[in-house]
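Now for the letters of each chain:
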Amino acid sequence: MIKRLGIIGLLIVVACGVCGVIGVLGGIKLFSGMLDSTREVGDSANAFMEALRNNKLDDAYAMFTPDLQEQESRSNFGESFTGNTLKDWSFNNFSIRDDLGYVAGRAADADGDHFVAFQLVYQNGGWAIDGYNLRALGRAGTIIEPID
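Colleague: Looking at this structure, how should I read the packing of aromatic side chains?
Modeller: Inspection of every chain in the model, using the stated rule, returns 13 aromatic pairs. Their ring planes at 80° and their centres at 5.2 Å tell us that Phe64 and Phe77 sit as a pair that is edge-to-face. One end of the pair, Phe64, is in the loop between α2 (57-62) and α3 (66-71); the other, Phe77, is in helix α4 (residues 74-81), with 13 residues separating them in the sequence. Phe64 gets classed as buried once you look at its relative accessible area, which sits at 4%. On the numbers, 4.8 Å between centres and 45° between planes, the contact of Phe77 with Phe81 is tilted. On the criterion of helical spacing, the pair formed by Phe77 and Phe81 is a turn pair, its members being four residues apart in helix α4.

Shown next as structure tokens:
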């Protein structure tokens, strides 16, 4: 009887250990997936800022959703950003909820340091800019920070 209880106890301990390992691995996978999505949103906002800094305005405009392109024409966008003096930027706020992403931080140009924020939408397998606020440089679309 004692031997039988020992075997049952051992099986319970092994089962708990297996469940614990599966739980840890699942948590790592989930956390890794969240980091990948957040990185992709940040990479999209970063690519937009690089295009602006390098005066590749057509490339930057192509990163907009069709809805944002309807709100802001290519010529108006070009007028707003031609000759910009964007130097550097950093993002410190990233958030994603379903297919809506938000990125915010600071950008520096010849006039100083400014707040920047982007709203991005996941569509056609990538993140597209649906709204931006570059304070002194310009703003278009709507930006709503997703709240968890």
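Colleague: What exactly am I supposed to notice about the environment of Ser75 here?
Modeller: Relative to the helices and strands, Ser75 is located in helix α4. Accessibility expressed as a relative area gives 48% for Ser75, which makes it partly exposed. C-alpha of Ser75 to C-alpha of Asp58: the two residues are 17 residues apart in sequence and 9.9 Å apart in space.

Colleague: Would you explain the pairing of strand β1 (residues 88-97) in this entry?
Modeller: Across a regular strand the side chains alternate sides, sitting on one face of the sheet and then on the other. As defined by bridge partners, β1 adjoins strand β2 (residues 100-109) across nine bridges and the pair is classed as antiparallel. Residue pairing in the sheet places Phe91 in a bridge with Gly105 of β2. Where β1 hands over to β2, the hairpin turn is made up of two residues, of which Asp98 adopts a positive phi near 55°.

Rules and cut-offs
Residues numbered from 1 in each chain as written. Predicted model: local features only at pLDDT ≥ 70, side-chain atom pairs only at ≥ 80, totals over all residues. Heavy atoms only, no water. Phe/Tyr/Trp six-rings, centres within 6.5 Å; stacked < 30°, edge-to-face > 60°. Helix = DSSP H or I, 4+ residues; strand = E, 2+ residues; numbered from the N terminus. Buried < 20%, exposed > 50% of the residue type's maximum accessible area, 1.4 Å probe, protein only. Pairing = 2+ DSSP bridges.

Geometric values such as these leave the question of function open.
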